[in-house]
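Below, each chain spelled out in residue letters.
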Amino acid sequence: MMMPMLDPDVVPPAAPARPVPGRPLEIEALVREHVCVNDEYRYLSLDLPDGVPHARPGQFYHLLCPGGDGLEPFFRRPMSVYRVEPERNRVGFLYKVTGTGTAAMARLWPGDGFNIFGPLGIGFTLPADTAPIVLLGRGVGLATMGPLVPFARENGHRVTAVLSARAPELLMSVEEMRIAGADVLTVTDSEGTSAVPHVEGLLEDLVAQGRCGALYVCGSSRLTRLAQSVAARHGLFGEVALEQQMACGVGVCFCCVRPFRENGETVHRRVCCEGPVFPLAEALA
Ligand SMILES: Cc1cc2nc3c(=O)[nH]c(=O)nc-3n(C[C@H](O)[C@H](O)[C@H](O)COP(=O)(O)OP(=O)(O)OC[C@H]3O[C@@H](n4cnc5c(N)ncnc54)[C@H](O)[C@@H]3O)c2cc1C
């Protein structure tokens, strides 16, 4: 595992206080919209009952995917919020069908009931000042990063999103992020622009232009290591949203424990309740 090079002269900024999660609820939601976004991802929007707490960007719900027709998902499935609309009492998820639970979810129709539990976990923290921020996402990270754009713009941060995918047709959220006020740069494997040295060049340019005061990353170990090394080199605040198989989702079963680095020591943390968003420098990617 490559450790990012630390420059002893670069002092990282004091980390802002992390948000304290509210009390999660079991919620009977109603499917409002369910559509294919591309060959791999679907968008599911839910109407929530009045008065339920709304998620922060980076938080997730634990979804009770419906059984039947040979699909009997036992555990709930964790899913980050992609769109949070408190004023309309709605929440949206962008997801890929990968196994039993998500295949069962894919059979939901508008009007169906859907039991969700949350919001869960600790979401993203913005820098204390109005520093410009850079988002780096690939795969499922494009979904997790979605709500960070309007949240950061509403709080006065310039946002640049660097979105990575295997091919241009698999890039998601580009228009949504632009409409929400982000400058969007895209890189793909098929165009030969997604390799680490090229993305590193983009990030260094953004730092040199004063557009990168903090870095947020999700969806790729190699992009996480790259973000760690750029953040360490320039003393930037940063966070990473992690994915891990989960069972209970509330910190009881210790199924989602991962190793982290803290003050030079390896420590173990539960992704469900001590994350899924963690300080960038502490993740062992
Ligand atoms: C915080 C978080 C946010 C996420 N956000 C998104 C998102 O926005 N979009 C998206 O597409 N995906 C997201 N994912 C990934 C998503 O949760 C998985 O793709 C989904 O759980 C797969 O479920 P499945 O049944 O289809 O696949 P399977 O591979 O059939 O099942 C995986 C699930 O089985 C259970 N499981 C399997 N083995 C074990 C075990 N040994 N111990 C305990 N439990 C086990 C767990 O519930 C696990 O999640 C997120 C994951 C996390 C942790």
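These notes cover the structure that comes with them. (Residues numbered from 1 in each chain as written. Predicted model: local features only at pLDDT ≥ 70, side-chain atom pairs only at ≥ 80, totals over all residues. Heavy atoms only, no water.)

**Details of the packing of helix H5 (residues 196-208) against helix H6 (residues 221-234)**
Link 1 in the chain: For the pair H5 and H6, interaxial distance at closest approach is 11 Å and the crossing angle is 35°. Taken as a pair, H5 and H6 cross one another with a handedness that is right-handed. Along its contact with H5, which presents Val196, Val199, Glu200, Leu203, Glu204 and Val207, the element H6 presents Arg222, Leu223, Leu226, Ser229, Val230, Arg233 and His234.
Link 2 in the chain: For the contact of H5 with H6, the class distribution of residues is seven nonpolar, two polar and four charged. (Axes fitted to C-alpha atoms, helices over the stretch in contact; angles between N-to-C directions. Helix = DSSP H or I, 4+ residues; strand = E, 2+ residues; numbered from the N terminus. Left-handed = near helix turned anticlockwise from the far one by under 90°. Contact = heavy atoms within 4.5 Å. Nonpolar A, V, L, I, M, F, W, Y, C, P; charged D, E, K, R; others polar.)

**Side note on the sheet that holds strand E15 (residues 277-279)**
Link 1 in the chain: Read across the open sheet, the six strands follow the order E10-E9-E8-E11-E12-E15; overall the sheet is mixed. With one partner strand each, in any of the chains shown, strand E10 (183-188) and E15 form the two edges of the open sheet. Here the strands of the sheet are splayed against their neighbours by 20° on average, with no regard to which way each runs.
Link 2 in the chain: The strands touched by H6 within the sheet are strand E8 (133-138), strand E9 (159-165), strand E11 (214-218) and strand E12 (237-241), with E11 carrying the most contacts at an inclination of about 170°. (Pairing = 2+ DSSP bridges.)

**Quick notes on the environment of Val257**
Link 1 in the chain: Tracing the backbone shows Val257 in strand E13 (residues 257-262).
Link 2 in the chain: Here Val257 falls in the partly exposed class, since its relative accessible area comes to 28%.
Link 3 in the chain: Apart from the residues within four sequence positions on either side, Val257 is in contact with Gln244, His268, Arg269 and Arg270. (Buried < 20%, exposed > 50% of the residue type's maximum accessible area, 1.4 Å probe, protein only.)

**Here's the deal with the sheet that holds strand E7 (residues 113-120)**
Link 1 in the chain: What the seven strands build is an open sheet, ordered E4-E3-E7-E1-E2-E6-E5; its pairing is antiparallel. Each having just a single partner strand, strand E4 (77-80) and strand E5 (83-85) make up the two edges of the open sheet. For this sheet, the mean inter-axis angle between neighbouring strands, taken without regard to orientation, is 35°.
Link 2 in the chain: Pairing between strand E3 (residues 60-64) and E4: four bridges, direction antiparallel. Directly across from His62, in E4, lies its bridge partner Pro78.

**Describing H6**
Link 1 in the chain: Here H6 is 14 residues long and its end C-alpha atoms lie 20 Å apart, about the 20 Å a rise of 1.5 Å per residue gives.
Link 2 in the chain: Buried within H6 we find Leu223, Thr224, Leu226, Ala227, Gln228, Ser229, Val230, Ala231 and Ala232.
Link 3 in the chain: Put simply, Ser220 is the residue that caps the front of H6, since its side-chain oxygen is 3.4 Å from the backbone nitrogen of Arg222.
Link 4 in the chain: Among the residues trailing H6, Gly235 stands out with phi positive, at a value near 65°. (Expected span 1.5 Å × (residues − 1). Polar contact = N/O pair within 3.5 Å; in protein donor to acceptor, adjacent residues only side chain to side chain.)

By themselves, these observations are geometric and do not establish any function.
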